[in-house]
Each structure stands twice: as structure tokens, then as C-alpha cells.
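# Structural description and commentary
These are the residues of each chain, in order.
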Amino acid sequence: MKIIGSVLMIEKTIKISMLYDFYSPLLTERQRDIIDYYYNQDFSLGEIAEIFSISRQAVYDTIKRTEKIMYEYEERLKLIELYSSRAETIKKTFIQVEQLDKLIKKNAPKEELEEEIRVIKILLTDIHN
């Protein structure tokens, strides 16, 4: 059971770090600093409380409130979702370009090359939109 809890905590840490990367400019300086100390620099609640001269409970409350705010931003703006989708499309495009390169090297018929180019154009259009 400990392993599952650890994996879930790692997944949450990664998710919060991604949210932070995208939405930190929309947070207050204090929110940014506390989230950064806690998730990215692995400070304890006590260490953060000392830095800001506030209680551990105040740090905890700020972390929970800020997490909620960042999740709400993602729910509305979907920047991570958009980024992930585009990254996947870029990966698919790269695979198609490699396929096209192989076809060119083996002197594939013009129709096969044109089909690969058509697929790449569709993928690039998806990225652009």
C-alpha cells in the first residue's frame, strides 16, 4: 500500500509542477514562492513557515488554496491539455517525416511519397490550429 501512495504522490507532484509551469504567472508572488518551495525544492511546511514567518497551518492552507486555483485555471484554459495534444501531434509528424525519408531513400513510387506528404500536411494543420 505504501508503494501505491508513493506513486500517487509522485503523480500529484508532477501534475502540480506542470500546473505551476503554465499558471505561475497568474499567481501572487507569495503563492508562487510557497508552491515552488514545497513542490520544486522539497521544503517542509515548517521550513516554509520559517521563511515567511507564518504558521505551518497557513503554509498548508496556502498550498491547498493555490493548488485549487491552478486546477481551476486548467479546467477553464486547458493549456496543459492543449500542450499535450500538440506534443503528441508533433511526435506523430516526426514519425511520418522519418517514414517519408525511408520511402525517398528506397525510391518509392511518387504516389506513396505524395500520400506521406498529405498525412504530414494534415498533422501540421492540426498543430497550427
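Structural data are supplied above this passage.
Calculation rules
- Residues numbered from 1 in each chain as written.
- Predicted model: local features only at pLDDT ≥ 70, side-chain atom pairs only at ≥ 80, totals over all residues.
- Heavy atoms only, no water.
- Helix = DSSP H or I, 4+ residues; strand = E, 2+ residues; numbered from the N terminus.
- Rg over C-alpha atoms; globule rule 2.2 N^0.38 Å.
- Buried < 20%, exposed > 50% of the residue type's maximum accessible area, 1.4 Å probe, protein only.
- Contact = heavy atoms within 4.5 Å.
- Areas by Shrake-Rupley, 256 points an atom, 1.4 Å probe, with all protein chains shown as cover.
- Patch = residues over 30% accessible without salt bridge, like charges linked within 9 Å, V, L, I, M, F, W, Y side chains within 5 Å.
- Salt bridge = Lys/Arg side-chain N within 4 Å of Asp/Glu carboxyl O.
- Phe/Tyr/Trp six-rings, centres within 6.5 Å; stacked < 30°, edge-to-face > 60°.

For the rest of this paragraph, the subject is the overall build of the protein. Summing up its helical and strand segments, the protein has 6 helices and 0 strands in all. Ordered by position in the sequence, the α and β elements of the protein form the string α-α-α-α-α-α. Rg of the C-alpha trace for the protein: 22 Å, well past the compact-globule value of 14 Å for 129 residues, more than 25% over. Along the three orthogonal principal directions, the C-alpha set of the protein runs to about 70 × 35 × 25 Å. With 129 residues in all, the protein has 26% of them scored as buried. Considering only residue pairs separated by 6 or more positions, the protein has 56% of its internal contacts joining residues 24 or more positions apart. Approximately 9,300 Å² of the protein is accessible, and the part contributed by carbon and sulfur atoms is 57%.

Let us look at a nonpolar patch on the surface. A contiguous nonpolar patch, built from Leu26, Leu77 and Leu79 and spanning about 250 Å² of accessible area, is present on the exposed surface. With respect to the secondary-structure elements, leucine 26 resides in the loop between helix H1 (2-23) and helix H2 (29-40).

Considering the arrangement of structural elements, one finds threonine 66 in helix H4 (residues 56-77). Under the relative-accessibility criterion, threonine 66 is labelled buried at 0%. Excluding residues within four positions of it along the chain, threonine 66 makes contact with Leu27, Gln31 and Ile35.

Inspection of every chain in the model, using the stated rule, returns 6 aromatic pairs. Aromatic pair phenylalanine 22 and tyrosine 23: ring centres 6.4 Å apart, planes at 45°, arrangement tilted. A relative accessible area of 28% places phenylalanine 22 in the partly exposed class. Site record: aromatic cluster; members linked through ring pairs are Phe22, Tyr23, Tyr73 and Tyr83.

A few words on the environment of isoleucine 127. Tracing the sequence through the fold places isoleucine 127 in helix H6 (residues 110-128). Each C-alpha atom, one on isoleucine 127 and one on isoleucine 95, is 15 Å from the other, the two residues being 32 residues apart in sequence. Ignoring any residue separated from it by four or fewer positions in sequence, one finds isoleucine 127 in contact with Arg86, Thr89, Ile90 and Thr93.

For the structure shown, the criterion picks out 6 salt bridges. Glutamate 72 is the partner of lysine 68 in a salt bridge, and the nearest nitrogen-oxygen pair spans 3.0 Å. Of the two residues, lysine 68 and glutamate 72 both sit in helix H4, 4 residues apart, roughly one turn of that helix. By relative accessible area, which is 53% here, lysine 68 ends up exposed. Note that glutamate 114 and lysine 110 form a salt bridge whose closest N and O atoms lie 3.7 Å from each other.

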